[in-house]
Amino acid sequence: MDPFRFTLRQLQHFIAAADAGTVTAAAQQVHISQAAMSQSLNELERSVGQQLMVRTRTHGIRLTSSGRRFLADARELVGRAADVQQVMSDRSDELIGPLDIGCYAAVAPFWVPFIAERFVVPNPNVDVRITEGDGKALQQQMLEGRFDAVFTHTGHLLDGVRHQLIRQGQGYALVSPSHRLADRKSVRVEEFGDDPFVLLDVPAVRENQLPKLRAKGLAPNIAWRSSSFEAVRGMVARGLGFTVLVQRPPVDISYDGLPLVALHLEDFEPSDICIAFVQERRSRRLQELISVCQAEAERLDAAALKFQDSQGD
């Protein structure tokens, strides 16, 4: 049998170059010199007999049509090799191999630090890479083979994507203590009427939340907008308007120390937090990450319920 003409390491370098966009950035990512990265890519192209990418000083790396097709195969081969390696290490109950995760930016502050502490640190042989961004854009890249999974909301899922529920969404309205509805425990969406609305200006909110609010009889009077979760909370705390959010920090205080009031929305159904993936058979690395996050969600829900009970006493 003829030996393979390329190596897994060359495939990993090719994937890194395609993702990073430049040879220099790819070399830094995999901790080799730029010259070594260039040599590896050249040898890979000679081995497959195809030009996989065009490299220029001004525009970095651009994949050829052959390169785009080969990239999907390369990801599959490297992923399968990692699965085989994982099987071999199962006897020692050790997780090993790459895990590329996308994370919706609004979810990231609540889950990325936890994942770093409770999954990445305890599993040093798992090469975890987390990329933040728009949930749908990350899923599209996942469908193209870029990610193993994406943290997002169930309301943002694309066709052809599977998911595992992590935590139920808790939609709420956020107002300042001076707002006319601040003394209420819960409200209906339509009660805000023409009050100024502070929009978390990201695609998922524009495409999913705003239609839900309009369906409940509220035409949001958007007076302020920001793509920053904390900037939105800060503007609400200063009495510039109200907003509707799903992620909720454990304390209702803005970055600059001003109080906020969270109101339960009686008629608003938020989407749940989930981990989206494509493959029917999940790797042990991904399944362990899901389990760790689900356990944390149970802990958070129990803590929230205990806090609510104490407030009612």
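The coordinates are above.
Here the structure is a predicted model, which means the values were calculated and not measured.

Remarks on the nonpolar core
- With 60 residues, the main nonpolar core has Trp111, Phe151, Phe192 and Leu289 as its most contacted residues.
- Beyond its immediate chain neighbours, meaning those up to four positions away, Phe151 contacts Ile101, Gly102, Cys103, Tyr104, Trp111, Ile115, Cys274, Ile275, Leu289 and Cys293.
- Listed in part, the 19 residues of the second largest apolar core include Leu11, Leu52, Ile61 and Ala74.

A short note on the pattern of salt bridges
- Applying the stated criterion to the full structure yields 16 salt bridges.
- Here Glu207 makes a salt bridge to Lys136, at a shortest N to O gap of 3.3 Å. In this pair, Glu207 sits in helix 7 (residues 203-215) while Lys136 sits in helix 6 (residues 135-143), placing the two residues 71 residues apart along the sequence.
- Salt bridges here are not isolated pairs; linked through shared partners, they connect Arg184, Arg188, Glu190 and Glu191.

Points about the sheet that holds strand 3 (residues 97-104)
- On the basis of which strands lie adjacent, the open sheet formed by five strands has the order 4-3-5-13-6 and mixed pairing. In this open sheet, the two edge strands, each paired with only one partner strand, are strand 4 (126-133) and strand 6 (162-167). Each adjacent strand pair in this sheet contributes to an overall mean axis angle of 25°, direction not counted.
- In this sheet, strand 13 (residues 273-277) lies alongside strand 5 (residues 149-153) in antiparallel orientation, the contact comprising four bridges.

Thoughts on the packing of helix 1 (residues 8-20) against helix 3 (residues 34-48)
- It is the contact of helix 1 with helix 3, at a shortest axis distance of 9 Å, that shows an interaxial angle of 110°. One element, helix 1, and the other, helix 3, form an angle in the roughly perpendicular class. Where helix 1 crosses over helix 3, the two elements pack in a sense that is left-handed. Across the interface between the two elements, Gln10, Leu11, His13, Phe14 and Ala17 from helix 1 touch Met37, Ser40, Leu41, Glu43, Leu44 and Ser47 from helix 3.
- Along the lines of polarity and charge, the residues of the contact of helix 1 with helix 3 split into six nonpolar, four polar and one charged.

Some thoughts on the pairing of strand 13
- Taken across its five residues, strand 13 has five buried, putting it largely inside the fold.
- Where burial is concerned, the two faces of strand 13 agree: the one with Ile273, Ile275 and Phe277 and the one with Cys274 and Ala276 are both buried.
- Sheet topology note: the strand 6/strand 13 ladder contains five bridges and is antiparallel. Looking across to strand 13, one finds that Arg162 is bridged to Phe277.

What to know about helix 2 (residues 23-30)
- Along helix 2, the positions that sit buried rather than exposed are Val23, Ala26 and Ala27. Buried residues in helix 2, looked at end-on, bunch into an arc of 100°, giving them a common side.
- Where helix 2 is buried, its residues touch helix 1, helix 3, strand 1 (53-56) and strand 2 (60-63).
- Phi for His31, located one or two positions after helix 2, is positive at around 65°.

Digging into the packing of aromatic side chains
- This model, assessed by the stated rule, comprises seven aromatic pairs.
- An angle of 90° between the planes, with centres 6.1 Å apart, marks the rings of Phe6 and Phe70 as edge-to-face. Of this pair, Phe6 sits in the segment before helix 1 while Phe70 sits in helix 4 (residues 65-89), and the two are 64 residues apart along the sequence.
- Among the aromatic residues, those joined into a ring-pair cluster are Phe6, Phe14 and Phe70.

Conventions we followed
Residues numbered from 1 in each chain as written. Predicted model: local features only at pLDDT ≥ 70, side-chain atom pairs only at ≥ 80, totals over all residues. Heavy atoms only, no water. Core = buried A, V, L, I, M, F, W, Y, C linked by side-chain atoms within 4.5 Å. Buried < 20%, exposed > 50% of the residue type's maximum accessible area, 1.4 Å probe, protein only. Contact = heavy atoms within 4.5 Å. Salt bridge = Lys/Arg side-chain N within 4 Å of Asp/Glu carboxyl O. Helix = DSSP H or I, 4+ residues; strand = E, 2+ residues; numbered from the N terminus. Pairing = 2+ DSSP bridges. Axes fitted to C-alpha atoms, helices over the stretch in contact; angles between N-to-C directions. Parallel < 35°, antiparallel > 145°, perpendicular 65-115°, else oblique. Left-handed = near helix turned anticlockwise from the far one by under 90°. Nonpolar A, V, L, I, M, F, W, Y, C, P; charged D, E, K, R; others polar. Arc of directions from axis to C-beta. Phe/Tyr/Trp six-rings, centres within 6.5 Å; stacked < 30°, edge-to-face > 60°.

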